[in-house]
Amino acid sequence: MAPVWLRYGPNCPILHDSSTRSSVRSRSSHLASIEVVVNAKPDARRIRLCILISIVWLISVSHGSNTHAQSFTRVTDVGPIVTDQILSTGAAWNDINGDGFLDMFALGETQNLLYVNDGDGTFTAQTSGNFLTPEGVGNAALWADYNNDGFQDLFISNFVTMAGGTQLASNALFRNSGPPDYTLEMVNIGPELNASPSASWVDYDQDGDVDLFSAGARVEVGGEATGDLFYRQDAGGVFTRIEFLPFTALRPGVGTHDTWVDYDGDGDQDLFVVIWSSTNKLYKSLLEESGNPNRFDVVTTSGLTTDGAVSDIGSSWGDYDDDGDFDVFIPILSSSDRLYRNDGDGTFTRITSTPVTSGRSVMGVWGDADNDGDLDLYTGSRSPVLYVNDGNGGFEAVPASEDGDLSLPPPALQGGNWGDYDNDGDLDLFLLTYAIPANRDGSPQPNHLLRNDGGTANHWITIQCVGALSNRSAIGARVSVKRTVNGIPKWQHRMISGGTTSFVFHGDNRAHFGLGEASVVDSIRIAWPSGIEQVAVNEDVDQILTIVEEIPDGFSRANFYADQTAASGQSSLTVQFTDASLVDPNNQVVSWEWDLDGDGSNDAFIQNPTWTYSVSEDIAFSVRLTISNGVTSSTLLREEYITFEGVSTGADEQDAVLPQEIKLGQNYPNPFNPTTKIPISVRSTVDVQLNIYDVLGKRERRLFSGTLLPGTYSLSWDSTRDDGSHVASGMYLYELATSRGVKMYGRLMLVR
């Protein structure tokens, strides 16, 4: 049989065996430049030269170089998702009914639409539900299982009540009822009216449930400017508005986009806000440094906030160079787009020698479109482009002749995002359109769904993270995957985000990874918001893998919050503390030790104490909680957690009873059987109660209720209840409460 030659380029014949030929054919993008030649007779010098060229080429192929293999088809036969015509303002991929397929929720100026994935490549529109009737012009639709019941809930941030209007709208939260109907029922989150062009879910205090940030626009209402809103979620799905945070202060401009991202890799969630027509803001969380989730530094030296007032409209974060730090692309309407490389030291470098910044875009989204193991970037505006990553931090635009329908510009593009709607392992793309002409008086247009037709034999894996101690949606988790190709290991990194990407689109929260030619996933590493790190090894490729957070035996991580943490212009504040510790469900907390005023000694020994602070000057109190579940113990110190500002020092405040004017001593003997004494000393006349509680907070005995004159007292307890019956052996707590709100605690042990 005559030898077979492959021609790479117009004049280079390369001797090629069948095994190599099959690997080359698997990358169809190269086939356009390769032709088979039979009985070719090149001279030896040309053969040697072409072999060298071929070796370089094969190495570049094996390392995931740009292959231009991906082609996309605009699908028009999958149902109303691509035929309904609305003035689209936002959208979100999500699996509302838990069947494993991505559904699509689209916001419109006059109506919202929910398209349920039928699992066969088609979609059915849901026609009933109050969430389909807009409360206002919505910009962001965000899915998260906020109450950790296993079903995805929906938050919609609204701007104004009607297009072109100035009347503010209410944001809306809808709870998913679960099977069988998966209806969305409105939940009251707060009375605030606000112009909110953007929002995001985040577990900012790492207590296992998601909190909510809603970026505001500077809109004058009744002489006041609306601003950003932040809601901390407390026990029972209750949202409490927190106002004393750096990023809730009024600022110029419109907060068009916000992203919570651990940009500095220290384990807590930082906030980046893109502000139209003003300087962007970066807020570094000091949770890891101080234990206090309410402390943030406004960062001005990162390189991200030095561009001044430009018409930037969003941001898209991704680790495009696989160095473990998340980089950011910022689309800008008025000038060239911008790409910032995260340098890993808290600073960013603006990359100018790259084609991805040559356009003026309304959106940009990262995704491994060709599954070669590197993040590619799709940018969109009048001339959308897919830039493929060459694996070395460089990018090349895919020619329109090779991408199918991908580069066909949708009319008045609003945004878009990747999502594997058919679960074939290739990222598809949904694009939002507006109208022709591009104004509210134009004709509404159907949105575009672009199916990724593959084109390579590259492998992939998609990971669905499910939190257990962490929030169920795993928002804030960091997912890393290692693969090996030709003996070279490589890590990739993704973050599970609770916000939109590039302005108005919440993407698929499954973590998708292209694996190139790797035949196995060497390692998967998940850093959960709870602090748990989980590793899986030797997983199969080409699968959608669900990973549920594994809780180590005896795990404990102290956590708590207070119903209020700041007092302004007042000298007294009564605070209810709530234990929010994360522990192994099989080893619950059995003891709590609270230092509530930062003096180094324990003040309370119950799960959820109340404490009254009385001060005569501006001051900040640190609070410490130590828990134990009998297997492990954990301590959390929140520095400067309770703050007083603007305290008056007038004479009318001097008669306040301060905590140090009454002291509660340690009982003696301790342990005891059956009687112990509890010492108390007071410096001024005060009404008090002394109560005994079990460790669950049930009152067993009221030892004293009355007035104490200045002096020292010793009150006895004979281990009986109010009804005269005897308590069992074990730990008990005693509480001294004054009529002025001061509460102090001690712990005692009965051993019969």
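Each chain has its residues counted from 1, running along the sequence as written. Only residues with pLDDT of at least 70 are given local features in this predicted model, and only at 80 or more are side-chain atom pairs given and counted; all residues enter the totals for whole chains, interfaces and linings. Only hydrogens and water are set aside; all other atoms, that is, all heavy atoms of the structure, feed into the side-chain values.

Caption draft 1: Molecular detail of the overall build of the protein chain. Each helix and strand in the protein chain was counted, giving three helices and 62 strands. Surface accessibility in these figures is a Shrake-Rupley result with a 1.4 Å probe; residues are shielded only by whichever protein chains are displayed. Carbon and sulfur atoms provide 49% of the accessible area of the protein chain, an area that totals close to 29300 Å². Here a helix means four or more residues in a row that DSSP labels H or I, a strand means two or more in a row labelled E, and each is numbered from the N terminus.

Caption draft 2: Structural view of the sheet that holds strand E36 (residues 435-436). In this analysis, strands are considered paired if DSSP registers two or more bridges between them. The strand order across the open sheet formed by three strands is E5-E37-E36, and the pairing between neighbours is antiparallel. Of all the strands in the sheet, just strand E5 (85-86) and E36 have a single pairing partner and so form its edges. Where E5 and strand E37 (residues 443-446) come together, two bridges link them in antiparallel fashion. Residue glutamine 85 lies in a different strand from E37, and its bridge partner there is proline 446.

Caption draft 3: The packing of aromatic side chains, seen in detail. To pair, rings of Phe, Tyr and Trp, with the six-membered ring standing in for Trp, must have centres within 6.5 Å; the planes then decide the type, stacked if under 30 degrees apart, edge-to-face if over 60, and tilted in the middle. Under the definition given, this model contains 36 aromatic pairs. Ring centres of phenylalanine 105 and phenylalanine 131 lie 6.0 Å apart, and the angle between their planes is 45 degrees; this geometry places the pair in the tilted category. Within this pair, whereas phenylalanine 105 is found in strand E7 (residues 103-108), its partner phenylalanine 131 is found in the loop between strand E9 (123-126) and strand E10 (138-144), the two being separated by 26 residues in sequence. Like phenylalanine 105, the residue phenylalanine 131 is buried in the burial classification. Between the aromatic rings of phenylalanine 155 and tryptophan 201, the centroid separation amounts to 6.1 Å while the plane-to-plane angle is 70 degrees, which identifies the pairing as edge-to-face. Here tryptophan 201 lies in strand E16 (residues 198-202) and phenylalanine 155 lies in strand E11 (residues 153-158), a separation of 46 residues in the sequence. Each member of the pair, phenylalanine 155 as well as tryptophan 201, is classed as buried. Each residue is placed in one exposure class: buried if its accessible area under a 1.4 Å probe, protein chains only, is under 20% of its type's maximum, exposed if it is over 50%, and partly exposed if it falls in between.

Caption draft 4: Spatial organisation of the sheet that holds strand E27 (residues 327-330). The four strands are arranged E26-E27-E28-E29 in an open sheet whose pairing can be described as antiparallel. Of all the strands in the sheet, just strand E26 (316-318) and strand E29 (348-351) have a single pairing partner and so form its edges. Mean inter-strand twist for the sheet, computed between neighbouring axes without regard to direction, equals 25 degrees. In this structure, E27 lies alongside strand E28 (residues 338-342), joined through three bridges in antiparallel fashion. Bridging across to E28, phenylalanine 329 finds its partner in leucine 339. All axes are obtained by fitting lines to C-alpha atoms, using only the stretch in contact for helices, and the reported angles, taken between N-to-C directions, cover 0 to 180 degrees.

Caption draft 5: Region of the structure containing the side chain of aspartate 262. With respect to the helices and strands, the residue aspartate 262 is situated in the loop between strand E22 (254-261) and strand E23 (270-276). Only four residue types enter the charge count: Lys and Arg as positive, Asp and Glu as negative, with His and the chain ends excluded. When a carboxyl oxygen of Asp or Glu is within 4 Å of a side-chain nitrogen of Lys or Arg, the pair counts as a salt bridge. Buried charged residue aspartate 262 carries no salt bridge. Nearest counter-charge: arginine 478, at 5.9 Å. Think of a polar contact as two N or O atoms within 3.5 Å of one another; within protein, one of them needs to be a possible hydrogen donor and the other a possible acceptor, and neighboring residues in sequence only count if both atoms come from side chains. Within polar-contact distance, the side chain of aspartate 262 engages the backbone nitrogen of aspartate 266 at 3.2 Å. In this structure aspartate 262 touches Gly267, Asp268, Gln269, Asp270 and Phe326, once residues within four positions along its chain are discounted. Note on definitions: a residue-residue contact is assigned when non-hydrogen atoms from the two residues lie within 4.5 Å.

Caption draft 6: Up close: the pairing of strand E8 (residues 113-117). For E8, the tally of buried residues reaches five of five residues, placing the bulk of the element in the interior. Pairing between E7 and E8: three bridges, direction antiparallel. Of the residues in E8, the one forming a bridge with methionine 104 is tyrosine 115. Counted along the chain from E7 to the antiparallel partner E8, the turn is four residues long. Strand direction decides the pairing type here: E8 and E9, joined by four bridges, are antiparallel. Paired with asparagine 117 across the strands is phenylalanine 123, a residue of E9. What sits between E8 and E9 in their antiparallel hairpin is a turn of five residues, with glycine 119 showing a positive phi close to 85 degrees.

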